[in-house]
Amino acid sequence: MASHPTYEAHGQPYVDENTSVTAEKQDSKGAKDVFGEDGIHQIQYKTLSWQAVSLLMIAEIVSNGILSLPSALAVVGIVPAVILIVFLGIFGLYTAKLLIDFKLNHPNVHTMGDAGYIMFGPVAREVLAFGTVSFAVFGSGSGLLSSQQALSTLSNQGMCSMYLVIITGTVAFLISLPRTLDRLAWMGVLSAAVIAVAGFIAMIGAGVNPVPGRSLTIAASSNFFDAFLAVTNPVFAYAGHFMFFILISEMRKPEDAIKAAWCLQGFATVFYVVFSVVMYVYIGNTVQSPVLFSLPPVWAKAAFAIGLPNFLFSSGLYTHTATKLVFVRMFRHSEHLHSHTLLGWTVWTLLCFAGSAMAAILAIAVPIFSYLIGITAALFAAWYTYGLAGFFWLHDAYHLEGGMDGLKRRPIGTTLAVLTVISGTFICVAGTYVSIKLIAEAYANGQVGRPFVC
């Protein structure tokens, strides 16, 4: 057996496009790590501990998404919503485990595109890579919008929102510039801390200022459109798995990634439930989205001010993710990836700038940008967080455990994987339908604004 194996992609041997060696497929122990012998290079990527990864995950996932969760309780009722949030947290941990196992079996996987190539071939690689970059850019833009809302609230609408997006985009660009994720880890600690504190400040504000005569719903009947629209909030509040491959690739001990996943899903699930229930109980069915706008101005300003660093960091981390995917794809196994070369830093800086600029332009120039975020999440996050994990398990069980016999020997795992794929498909189709219908209704009701206006 040769020392550098390849994997089978869609029935054909998988060969890293940037290397010239080939060998037998599926020997995961001999696969070349995406960053190679990292210790001998100027720029060392594999430096993250599982604690740092868990904080980076929390900082990126537990961000502005929590601000829409209480509104889901007003639509479907407190009991169904809490059950859904808890279920999705457990489901997200299960899919994270499948994703991590796939990464450990295939160390050369750096992104969802690489995983798609192994499973389905070159077309899937491009589709999933494009989806990762698109979702990251839209996620960055969402962070910029939340930052703009925070600054507008703090300034009493004293500055044009377009200028605020440009300012926050510049900050996010600077945050994205470090080449390795360990340089962002300390900001991840700060970011995770401030979003937790902001959530507690909001809960205190709601508790000391309850809405008089508020009404609460234990369980509500609703049509499919309204119900699933509410469901998308908790579904996409867990949508961060697309980053896992990139984060795990920079860990000192990738096998510890499951510890980070437990920390992320455990914290996110508990925090989401507590925050959503407390805010809903004190505000009632009139709760707005984002929920901070339901608070008295002084409490809204306090929560926004404390949460602002998280929104900015999340935006910068999204941009870093998109840049890292493209950069590694361009320079994989070259000196520009591992050394401080002029070309490497020039391309890296330009990619970071392009990602931040696109996010800012989308937020400013596209009146339906917030709706497009929903479509992007439905098309890609539904697969990255849920559906693809089932394919990961089925692929490795088939290729590493003896083909169909391997699947038959593990009926429970096979059934769960198939149901995971079906779940991802349903979320994708239904989420896209709901998002498109929202856009149509917004245009029909004259709710769509104009581009490049304050």
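An unreviewed UniProt entry annotates the chain as Transmembrane amino acid transporter protein-domain-containing protein of Suillus fuscotomentosus. We quote the UniProt Subcellular location (unreviewed entry) comment for the chain here in full: "Membrane".

In this numbering, the UniProt entry assigns the feature "domain: Amino acid transporter transmembrane" (unreviewed entry) to residues 47-436. The distance separating the terminal C-alpha atoms of residues 47-436 is 42 Å; by composition the span is 78% helix and 0% strand.

So, on to empty space enclosed by the protein. Per the counting criterion, the structure on display carries three cavities of 30 Å³ or more. Space inside the second largest cavity adds up to approximately 80 Å³. In this structure, the second largest cavity is lined by His110, Thr111, Gly113, Asp114, Arg125, Ala129, Leu325, Val328, Arg329 and Arg332. For the lining of the second largest cavity, the secondary structure elements donating two or more residues are α4 (112-120), α5 (122-154) and α11 (297-331). The biggest single contributor to the lining of the second largest cavity is α11, with three residues. Grouping the constituent residues of the lining of the second largest cavity by class yields three nonpolar, three polar and four charged.

As enumerated under the stated definition, the model contains 25 aromatic pairs in all. One aromatic cluster in this structure is built from Phe87, Phe91, Tyr94 and Tyr386. The ring of Phe225 carries the charged tip of Lys437 above its face, separated from the ring centre by 4.5 Å.

Turning our eyes to something else, we now look at the side chain of Ser176. Residue position: Ser176 is located in helix α6 (residues 161-176). The buried category is assigned to Ser176, whose relative accessible area is 0%. Polar contacts involving the side chain of Ser176 include one to the main-chain carbonyl oxygen of Phe173, which spans 2.7 Å. If near-sequence neighbours (up to four positions away) are discounted, Ser176 is found in contact with Gly316, Thr319, His320, Trp348, Cys352 and Ser356.

With that settled, the discussion passes to the environment of Gly116. Inspection of the secondary structure puts Gly116 in helix α4. Spatially, the C-alpha atom of Gly116 lies 23 Å from that of Asp256, the residues being 140 residues apart in sequence. Setting aside its immediate chain neighbours within four residues, Gly116 contacts Gly121, Ala124, Arg125 and Leu128.

Let us now look at the pattern of salt bridges. Across all of its chains, the model carries seven salt bridges by this definition. Here Glu250 ties to Lys324 by a salt bridge, and the two come within 2.4 Å at their closest N and O atoms. Here Lys324 lies in helix α11 and Glu250 lies in the loop between α9 (244-249) and α10 (257-283), a separation of 74 residues in the sequence. A network of salt bridges, in which partner residues are shared, links Asp114, Arg125 and Arg332.

Scoring rules and cut-offs
Residues numbered from 1 in each chain as written. Predicted model: local features only at pLDDT ≥ 70, side-chain atom pairs only at ≥ 80, totals over all residues. Heavy atoms only, no water. UniProt positions renumbered as here; feature names shortened; annotations may be inferred. Helix = DSSP H or I, 4+ residues; strand = E, 2+ residues; numbered from the N terminus. 1 Å grid on protein atoms, 1.4 Å probe; cavity = no way out; pocket = protein on both sides within 12 Å on 5 of 7 lines; lining within 4 Å. Points joined across faces, edges and corners; volume = space filled by probe spheres on them. Nonpolar A, V, L, I, M, F, W, Y, C, P; charged D, E, K, R; others polar. Phe/Tyr/Trp six-rings, centres within 6.5 Å; stacked < 30°, edge-to-face > 60°. Lys NZ or Arg CZ within 6 Å of the ring centre and 35° of its normal. Buried < 20%, exposed > 50% of the residue type's maximum accessible area, 1.4 Å probe, protein only. Polar contact = N/O pair within 3.5 Å; in protein donor to acceptor, adjacent residues only side chain to side chain. Contact = heavy atoms within 4.5 Å. Salt bridge = Lys/Arg side-chain N within 4 Å of Asp/Glu carboxyl O.

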